[in-house]
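One-letter residues, chain by chain:
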Amino acid sequence: MALSSLRKLVTDYLAIDMGTANTIIAVKGRDVVLDEPSLVAVSEVNDEIVAFGLEAADMRGREGRDIIVVAPLSAGVVADFEKTKEMLSHFVRKAKSGGSQVTREAVLSVLSEVTHVEQRALLNAAEEAGIGKVSIMEEGLAAAFGADVDPTDKRASAVVDIGAATTNIAVITKGSISHSRSERIGSDEINDAITTHIKRNLGLQIGTETAEAIKRNFMTSVVPDDMAAEMLVKGRDLQSGSPNAVTITAGEVYPIVENIVRRIAQVIKDTLTELRPEVAADIYDRGIVLTGGGALLNGIDQYIREFIDLSVIVPEEPRYCTVRGLLKMFDEPDLLERVSRNEPSILQNSEVPFEA
Ligand SMILES: Nc1ncnc2c1ncn2[C@@H]1O[C@H](COP(=O)(O)OP(=O)(O)OP(=O)(O)O)[C@@H](O)[C@H]1O
Ligand SMILES: [Mg+2]
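Just so it is clear, the model here is predicted, and its values are computed rather than measured.

Asker: Sorry if this is basic, but what is going on with the domain arrangement of the protein here?
Answerer: When the parts come together, some accessible area is lost, and that loss is often what is quoted as the size of the interface. With domains assigned, the protein is organised as domain 1 (3-36 + 81-142 + 321-347) and domain 2 (151-314). Here the C-alpha centroids of domain 1 and domain 2 sit 28 Å apart. For the pair domain 1 and domain 2, the two sides together bury roughly 1,100 Å², of which 57% comes from carbon and sulfur. Looking only at domain 1, the three residues that lose the most surface to domain 2 are L111, G140 and L141, adding up to 36% of its buried area. The tally of links from domain 1 across to domain 2 stands at two residue pairs in polar contact (both at pLDDT 80 or more). Here the residues of the side of domain 1 that touches domain 2 sort into six nonpolar, four polar and four charged.

Structural data, given as structure tokens:
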């Protein structure tokens, strides 16, 4: 057997979507193998990581003494380089298919707005995490390929990724981004708003998990059929400090969601006014595709459809579009070469940040 094909046999091809909220890894031939919160639990005594991902998330809000749970990525950028590297290396080890001789090649996504310095930091993190060869590609493009946008199509497609902290709009023509915009507003804003509302108006402090459960199970972006529908919410009484519970109604939480979803819809609408006429014509015909976890909010597609007056499609498993788009790159090496952002000219002059 030729050496090159032997090498292929023992290479794991990893697609890594490292988001603010979640890290998702897919392996060629095995689809998604890891989907965990981008969190680490850190000992305050020696600053060492004691748990990663799901395990760290389970500790959040119920941390023991001297342990804090932190998110090393904030708003899609590397906020804590060392912790990001350790987290990535842990997830990569967890995702590998076994065998000690396995080499790894990876494609990683970043937002278009990420600076060269931040990009360099991510590349370093990946390299130091033991990945042999790393390519970096824009998130919007990956999401589009994952949502089945054809890289040879000369007509434009618009993909809007609503993540935890950012909304990223990308218009793709012939496999390249012709227009993009990223705003620091994401689905987590809803969690913050409901937490604040319950604290201010009902005197109850709630945890992250509770806020997430309210959003997923009780909140909607379309006017609720039954405004009087109730949900019991538990937490800590602000005044007395005692465990307590309060009741919220659909009518009272609807304006909170609507306020944030409207702002997201407005960003989309504004971006669509910046297109060239032919591109605008294509989008008029095709509408937009919503990806990311934010696309799973009840009724958000309907709300945006009415707001922008264009068709809105949510593909199956919108959270996995980016990672699946990255995975496709291993079958299209020429395309990867063209779209990856590791050109030396970009990275040459960027300094390595966060060095001690
Ligand atoms: N079923 C659901 N209903 C409503 N919201 C959901 C649901 N599932 C996930 N979300 C929300 O989606 C967001 C996470 O989305 P995603 O995993 O795409 O983010 P990310 O890629 O980590 O973030 P970013 O792209 O901003 O870095 C969170 O705000 C989460 O609350
Ligand atoms: Mg994302």
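After presenting the structure, the write-up continues.
Asker: Hey, could you run me through the site of ligand 1 in this one?
Answerer: Taken together, 19 residues surround ligand 1, and among them T20, A21, D188, E212 and K215 come closest. T166 has a polar side-chain atom sitting 3.1 Å from an oxygen atom of ligand 1. Contacts to ligand 1 include G293, whose backbone N or O atom sits 2.9 Å from an oxygen atom. Considering ligand 1 on its own, with 660 Å² of exposed area, one finds that the protein chains cover 91% of that surface. Here the shell around ligand 1 gets three residues from one element, more than from any other, and that element is helix α7 (residues 208-218).

Asker: Would you mind showing me how to read the pairing of strand β6 (residues 67-70) here?
Answerer: Within a regular beta strand, the side chains point alternately toward one face of the sheet and then the other, so they alternate between its two faces. Burial along β6 is one-sided: the face carrying I67 and V69 is buried and the face carrying I68 and V70 is not. Of the strand pairs in this sheet, strand β4 (residues 40-43) and β6 are connected by four bridges, and their pairing is antiparallel. Directly across from V42, in β6, lies its bridge partner I68.

Asker: In this structure, what is going on with the side chain of K83? I would like to understand it.
Answerer: Tracing the chain through its elements places K83 in helix α3 (residues 81-95). Using a relative accessible area of 8% as the deciding quantity, one classes K83 as buried. Not counting residues up to four positions away in its chain, the partners in contact with K83 are V40, V42, D47, I49 and P72.

Asker: What should I look at first to understand the packing of aromatic side chains in this one?
Answerer: Any aromatic ring pair is given by two values, namely how distant the centres are and how the planes are angled relative to each other. One pass over the structure, following the stated rule, counts two aromatic pairs. For the ring pair Y13 and F330, a centre distance of 5.1 Å and an interplane angle of 55° mean the geometry is tilted. Residue Y13 is found in strand β1 (residues 11-18), and its partner F330 is found in the loop between α11 (321-328) and α12 (333-339); the two are separated by 317 residues along the sequence. Measuring from centroid to centroid gives 6.1 Å for Y303 and F307, while their planes differ by 15°, and the two rings are stacked. Note that Y303 and F307 are positioned in helix α10 (residues 300-308) at a spacing of four residues, about one turn of the helix. Look at Y303 and you get buried, because its relative accessible area is 11%. A cation sits over an aromatic face here: K28 above Y13, 5.1 Å from the ring centre.

Asker: Quick question: what am I supposed to make of the pairing of strand β15 (residues 230-237) here?
Answerer: As paired elements, strand β14 (residues 204-205) and β15 share two bridges and run antiparallel to each other. Within the sheet, the bridge partner assigned to Q205 lies in β15 and is R236. Sheet analysis places β15 next to strand β16 (residues 243-249), joined by seven bridges and oriented antiparallel. Across the sheet, the residue bridging to E230 is T249, located in β16. Joining the antiparallel neighbours β15 and β16 is a turn of five residues, in which G241 adopts a positive phi near 80°.

Asker: What exactly am I supposed to notice about the nonpolar core here?
Answerer: Soluble globular proteins tend to pack their nonpolar side chains together in the buried interior. Counting 43 residues, the largest nonpolar core has I198, I214, I268, I283, I288, L290 and I304 as the members making the most contacts within it. At 11 residues, the largest contribution of residues to this core is made by helix α8 (residues 250-272). Setting aside residues no more than four positions away along its own chain, I283 makes contact with A156, S157, A158, L272, L275, I288 and L310. Judged by nonpolar contacts, the second largest core, of 32 residues, contains L14, M87, F91 and V110.

Asker: Sorry, what's going on with the sheet that holds β4 here?
Answerer: By way of backbone hydrogen bonds, the strands of a sheet pair with one another, either parallel or antiparallel. Taken together, the three strands give an open sheet; going across it, the order is β5-β4-β6, and neighbouring strands pair in antiparallel fashion. Each edge of the sheet is formed by a strand with only one pairing partner; in this case those strands are β5 (49-52) and β6. When strand polarity is set aside, the average angle formed by the axes of neighbouring strands in this sheet is 25°. The pairing of β4 with β5 spans three bridges and is antiparallel.

What counts as what
- Residues numbered from 1 in each chain as written.
- Chains lettered and ligands numbered in written order.
- Predicted model: local features only at pLDDT ≥ 70, side-chain atom pairs only at ≥ 80, totals over all residues.
- Heavy atoms only, no water.
- Domains from an automatic or database assignment.
- Buried area = accessible area lost by both parts, 1.4 Å probe.
- Polar contact = N/O pair within 3.5 Å; in protein donor to acceptor, adjacent residues only side chain to side chain.
- Nonpolar A, V, L, I, M, F, W, Y, C, P; charged D, E, K, R; others polar.
- Near = heavy atom within 4 Å.
- Areas by Shrake-Rupley, 256 points an atom, 1.4 Å probe, with all protein chains shown as cover.
- Helix = DSSP H or I, 4+ residues; strand = E, 2+ residues; numbered from the N terminus.
- Buried < 20%, exposed > 50% of the residue type's maximum accessible area, 1.4 Å probe, protein only.
- Pairing = 2+ DSSP bridges.
- Contact = heavy atoms within 4.5 Å.
- Phe/Tyr/Trp six-rings, centres within 6.5 Å; stacked < 30°, edge-to-face > 60°.
- Lys NZ or Arg CZ within 6 Å of the ring centre and 35° of its normal.
- Core = buried A, V, L, I, M, F, W, Y, C linked by side-chain atoms within 4.5 Å.
- Axes fitted to C-alpha atoms, helices over the stretch in contact; angles between N-to-C directions.

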